[in-house]
Amino acid sequence: MSGNQQFTLVQRPVGMPDDTHLRLEETAMPEAGEGEVLLKTRYLSLDPYMRGRMNDTASYATPVALGEVMTGEAVSEVLESHHPDLSPGDLVIGRTGWQTHSMATPDSLYRIDPDIAPPSAWLGVIGMPGFTAYVGLREFGRPQPGETVVVSAASGAVGQVVGQIAKMKGCRVVGVAGAEDKCDYVKSEYGFDACVNYKDEDFEEQLQEACPDGIDVYFENVGGKVFEAVMTLVNDFARIPVCGRIAHYNQTRLPEGPDRLIPFMGQILIKRLMFRGFIQSDHNELLPEFRREMGQWLKEGKVKYREDVVEGFENTLNAFQGLLQGNNRGKLVVRVS
Ligand code: NAP
């Protein structure tokens, strides 16, 4: 067996990360000791939060230290087990990082059932992003039949699930995405009622047309100009689960322009808006219920999903850069082996 390949954070990026920040290295194969298992990565998940972990700033999670393997969740196969709970051939998910092999203890892993969904889906629709959509809508968006729900990054891992759950709740669902083909497939494959391309010049007018009764729930994934356009259309008592702000992840300074904080605070008061930032992992008590419910929706064909599978571990960094530029079509994963 050759060595373990891994991407190590060697310098903190300002703006877009590249190979001066993340270095591909080959190290010795990890060895599993008593109570541990040796894992071979099958699929590595690439997610926007990883950009934040490269910064040395205070956040809800500790940043990756310089010299450490880049953090990330993966589906792996157990190669060797020194623990009775897992056997060679078992498939597990765990936070094993950007590497081809790893070593872990079973308490940090979850054994997946490939009969419920294929291995890669456990990183997407029935994994962390799907759970994020489920938690954000159920706990904070609370959509009611007949209401209008808008979701940004609509064609992505989280957005595609948000829209489909909101449709099942009887809502009018409007997506916002950055390309025509993305807008087309969220309507044709996931049943969104409308989808607007935020890169179009008349985006604001199109969004208004797509939301004739205003907006009751805005599932915020991006921030920036999409957020500003939505804010002009929100109804009284609208709920805004704040899930992500990807438009700002590579930003190096605040945008130019007038300070909008005071009118924004005015809107919150006058319209009695509810903003709620949330992190999916604070709600892990809902995971068993989510997996059961999502497993059933997938089986019945009520939820569909699209994955963007990149071949080869060496293409991980390139694929991650693409994610931050909107190149992915659906949940981005790297097929490592
Ligand atoms: P994703 O949508 O699969 O991929 C990211 C997408 O973001 C890109 O495809 C692109 O789509 C969009 N994007 C990139 N740069 C942008 C920009 N400058 N302005 C507007 N959109 C941009 O990713 P995801 O995994 O579903 O994540 C979506 C959001 O949820 C992210 O903000 C992420 O951080 C957040 N999240 C939060 C939690 C939590 O617990 N709070 C958990 C998971 C994810 P377009 O072509 O449509 O622009």
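Thresholds applied
Counting restarts for each chain: residues are numbered from 1 in the order of the written sequence. Residue-level local features of this predicted model are given only where pLDDT is at least 70; pairs of side-chain atoms are given and counted only at 80 or more, and the full residue set underlies all totals for whole chains, interfaces and linings. Side-chain numbers here rest on the full set of heavy atoms in the structure, without hydrogens or water. Proximity is defined per residue: any heavy atom of the residue falling within 4 Å of a molecule or strand makes that residue near it. Residues adjacent in sequence count toward polar contacts only when both atoms are side-chain atoms; beyond that, a polar contact is any pair of N or O atoms within 3.5 Å, and within protein one must be able to donate a hydrogen and the other to accept it. All accessible areas in this document rest on Shrake-Rupley with a 1.4 Å probe, and a residue is counted as covered only by the protein chains that are shown. Here a strand is any run of E in DSSP of at least two residues, a helix any run of H or I of at least four, and the numbering for each starts at the N terminus. For this classification, Asp, Glu, Lys and Arg are treated as charged, while Ala, Val, Leu, Ile, Met, Phe, Trp, Tyr, Cys and Pro are nonpolar and the rest, including Gly, are polar. At least two bridges found by DSSP between two strands is the condition for calling them paired. Working convention: axes come from line fits to C-alpha atoms, limited for helices to the stretch in contact. Angles between N-to-C directions cover 0 to 180 degrees. Contact criterion: two residues are considered in contact whenever any of their non-hydrogen atoms come within 4.5 Å of each other. Only residues whose relative accessible area exceeds 30% and that form no salt bridge are eligible for patches; like-charged ones are grouped when within 9 Å, while nonpolar side chains (Val, Leu, Ile, Met, Phe, Trp, Tyr) are grouped when within 5 Å. In the sections that follow, a salt bridge refers to a side-chain nitrogen of Lys or Arg positioned within 4 Å of a carboxyl oxygen of Asp or Glu. By the counting scheme adopted, Arg and Lys are positive, Glu and Asp are negative, and His together with the chain ends is not counted. Lysine's charge is taken at NZ, arginine's at CZ, aspartate's at CG and glutamate's at CD. For Phe, Tyr and Trp, where Trp contributes only its six-membered ring, two rings pair if their centres lie within 6.5 Å, and the inter-plane angle classes them as stacked under 30 degrees, edge-to-face over 60, or tilted in between. In our convention, an over-ring charge means Lys NZ or Arg CZ found within 6 Å of a ring centre and within 35 degrees of that ring's normal. Categorising residues by exposure relies on relative accessible area from a 1.4 Å probe, with only protein chains included: less than 20% of the type maximum marks a residue as buried, more than 50% marks it as exposed, and the intermediate range marks it as partly exposed.

(A) Broad picture of the site of the ligand. Looking at the ligand, there are 26 residues lining it, with Lys182, Tyr198, Asn221, Tyr249 and Asn328 nearest. Measuring from an oxygen atom of the ligand, one finds a side-chain N or O atom of Lys182 at 2.5 Å. Within the contact set of the ligand, a nitrogen atom lies 2.9 Å away from a backbone nitrogen or oxygen of Cys243. When isolated, the ligand has an accessible area of 900 Å², and the protein chains bury 92% of it. Mapped onto the shell around the ligand, the elements with two or more residues apiece are helix H2 (128–141) and helix H3 (157–168). A per-class count over the shell around the ligand returns 16 nonpolar, eight polar and two charged.

(B) Expanded view of the sheet that holds strand S11 (residues 215–219). Spatially, S10-S9-S8-S11-S12-S13 is the arrangement adopted by the six strands of the open sheet, whose pairing is parallel. Strands at the two margins of the open sheet, each flanked by one partner only, are strand S10 (194–197) and strand S13 (274–277). Looking at each pair of strands side by side, their axes are set apart by 15 degrees on average, direction ignored. In this structure, S11 lies alongside strand S12 (residues 234–242), joined through two bridges in parallel fashion. Within S12, the residue paired with Val217 across the bridge is Arg239. Along the sheet, H2 makes contact with S11, S12 and S13, crossing S11 at roughly 145 degrees. On top of the sheet, helix H6 (residues 224–231) reaches strand S8 (148–152), strand S9 (172–177), S11, S12 and S13; it is set at about 165 degrees to S11, its chief contact.

(C) Structural context of a negative patch on the surface. A cluster of acidic residues, Glu201, Asp202, Glu204, Glu205 and Glu209, forms a negative patch at the surface. Within the element layout of this structure, Glu201 appears in the loop between S10 and helix H5 (203–210).

(D) Seen up close, the packing of aromatic side chains. Enumeration according to the criterion identifies 14 aromatic pairs in this entry. Each residue in the set Phe7, Trp98, Phe313 and Phe320 is aromatic and connected to the rest through ring pairs, giving one cluster. The ring centre of Tyr185 lies 3.7 Å from the NZ or CZ of Arg306, which sits over that ring.

(E) Local environment of a nonpolar patch on the surface. A cluster of nonpolar side chains, Leu261, Ile262 and Met265, forms an exposed patch at the surface whose accessible area comes to about 350 Å². Within the secondary structure, Leu261 is located in helix H7 (residues 261–270).

(F) A look at the pattern of salt bridges. Inspection of every chain in the model, using the stated rule, returns 15 salt bridges. We note a salt bridge from Arg306 to Glu189, for which the minimum N-O separation is 2.6 Å. Here Arg306 is found in the loop between helix H8 (287–299) and strand S14 (307–311), whereas its partner Glu189 is found in the loop between helix H4 (180–188) and S10, with 117 residues between them in sequence. Arg306 sits in the partly exposed class, given a relative accessible area of 27%.

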